[in-house]
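Secondary and tertiary structure notes
Below, each chain spelled out in residue letters.
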Amino acid sequence: MNQSTTGHLPKRVSDLIELKKNGVVIACRPEFEIVPVDFRHKDNPFQAYIFLCRYKGTTGDTEYSFRKCYAKGCPNNLCPHVSQAVMIANRYLQRDYKRLRLSGIKIEERLFSLDDMVVKYEDLLEEQGPMLVIHDYINIAKEGNDVSVEVSLEYVDAVEHFAYEKNAQTFLDVNFEVITLGRTGKYHRCLGCYETEKEDVEKECAVDTANARLDLLYDEFENASIKFKKIYFS
């Protein structure tokens, strides 16, 4: 089977796995980027770093490339600290590596490191407490505990700073407010993005990708008997 039988280039890790199941020969390599970004949230500007993995390779004889955001870290208290974001990113990255490996796709299993960052912070060695991610709450529910999740979605304007250029980007973010064991936790994930100036061309694909990722999470919520309401980007 060649790429032309699949109908589209892969945009997600799940697409690669599905292509592999259909007999397509997959080559895949990860390339990491830790990009400084100026965000604007509800007219409040703040700076952060996003931890991106760009998956590149071939499906059959056709080249593909897509990127996935694994975490966002701030040098302030507006999101997880940069050093915590590294750990969060690597946890989700290892989950994807496992999925790829189990499907039969070979990939070099590298991890994010703060050594990759151009800018260093003096307080990176500061003691940081453990950060729960959304799959920790899923596991808490699987253990028989009541868990409820309120899901909210938003489009966030940002400017990515690369070595020699800036890129206006719109991120499709999901926020989870989780109530369980007498406590409320907040967790955030970026599920897609597109170049702001190319909204007419790229937004539809980004929305489809983000909603497909939401469906995977919603399936896990349902399997763990978590109380929630499905909502989608539009």
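Our structure's up above, just so we're on the same page.
Below: a short report on this structure. (Residues numbered from 1 in each chain as written. Predicted model: local features only at pLDDT ≥ 70, side-chain atom pairs only at ≥ 80, totals over all residues. Heavy atoms only, no water.)

So, on to helix H1 (residues 13-21). By the burial criterion, the buried members of H1 are Val13, Ser14, Asp15, Leu16, Ile17 and Leu19. With its phi angle positive at about 90°, Gly23 sits one or two positions after the end of H1. (Buried < 20%, exposed > 50% of the residue type's maximum accessible area, 1.4 Å probe, protein only. Helix = DSSP H or I, 4+ residues; strand = E, 2+ residues; numbered from the N terminus.)

Scanning all chains against the criterion turns up 13 aromatic pairs. Ring plane angle 70° and centroid distance 5.6 Å describe the contact between Tyr155 and Phe233, whose orientation is recorded as edge-to-face. With Tyr155 in strand S4 (residues 147-161) and Phe233 in the segment after helix H4 (199-223), the pair connects residues that are 78 residues apart, well separated along the chain. On the basis of relative accessible area, Phe233 is assigned to the buried category, the value being 6%. Feature note: the residues Phe176, Tyr218, Phe221, Phe228 and Tyr232 constitute an aromatic cluster, connected by ring pairs. The lysine or arginine in question, Lys72, covers the ring of Phe39, its NZ or CZ lying 4.4 Å from the ring centre. Between Arg189 and the ring centre of Tyr92, over which it is positioned, the NZ or CZ distance is 4.1 Å. (Phe/Tyr/Trp six-rings, centres within 6.5 Å; stacked < 30°, edge-to-face > 60°. Lys NZ or Arg CZ within 6 Å of the ring centre and 35° of its normal.)

Let us look at the pattern of salt bridges. According to the stated counting rule, one finds 14 salt bridges in the structure shown. A salt bridge links Arg29 to Glu31; the nearest nitrogen and oxygen atoms lie 3.5 Å apart. Taking the shortest distance from any N to any O, the salt bridge between Glu33 and Arg54 comes out at 3.5 Å. Remark: Arg54 occurs in strand S2 (residues 44-59) and Glu33 occurs in strand S1 (residues 26-41); sequence separation between them is 21 residues. (Salt bridge = Lys/Arg side-chain N within 4 Å of Asp/Glu carboxyl O.)

Moving on, we get to the nonpolar core. Across soluble globular proteins, nonpolar side chains show a tendency to be buried alongside one another. Phe51, Tyr55, Tyr70, Phe112, Ile134 and Phe176 are the most contacted members of the largest nonpolar core, which totals 56 residues. With nine residues, the single largest contributor to this core is helix H2 (residues 82-103). The residues contacting Phe112, other than those within four sequence positions of it, are Phe32, Glu33, Ile34, Phe51, Leu52, Cys53, Tyr70, Val86, Ala89, Asn90 and Leu93. Membership of the second largest hydrophobic core comes to 14 residues, among which are Phe39, Cys74, Val156 and Phe171. (Core = buried A, V, L, I, M, F, W, Y, C linked by side-chain atoms within 4.5 Å. Contact = heavy atoms within 4.5 Å.)

Glancing now at the pairing of S2. The sheet contact formed by S2 and strand S3 (residues 62-73) spans 11 bridges and is antiparallel. Pairing of Thr59 across the sheet is with Thr62, part of S3. Counting the residues in the hairpin turn of S2 and S3 gives two residues, including Gly60, whose phi is positive at 65°. (Pairing = 2+ DSSP bridges.)

With that settled, the discussion passes to the side chain of Asp15. Summarising the element assignment, Asp15 is placed in helix H1. Other than its neighbours up to four places away in sequence, Asp15 contacts His8 and Pro10.

For Leu132, the position within the fold is in the loop between H2 and helix H3 (134-142). Other than its neighbours up to four places away in sequence, Leu132 contacts Tyr137 and Tyr187.

A few words now on the layout of surface pockets. The computed volume of the second largest pocket comes to approximately 510 Å³. Every residue lining the second largest pocket is counted, 25 residues in all, and those nearest its centre are Phe66, Arg67, Gln169, Cys193 and Glu202. Secondary-structure elements contributing two or more residues to the lining of the second largest pocket are S2, S3, strand S5 (166-180), strand S6 (183-195) and H4. Class assignment for the residues of the lining of the second largest pocket results in 11 nonpolar, five polar and nine charged. (1 Å grid on protein atoms, 1.4 Å probe; cavity = no way out; pocket = protein on both sides within 12 Å on 5 of 7 lines; lining within 4 Å. Points joined across faces, edges and corners; volume = space filled by probe spheres on them. Nonpolar A, V, L, I, M, F, W, Y, C, P; charged D, E, K, R; others polar.)

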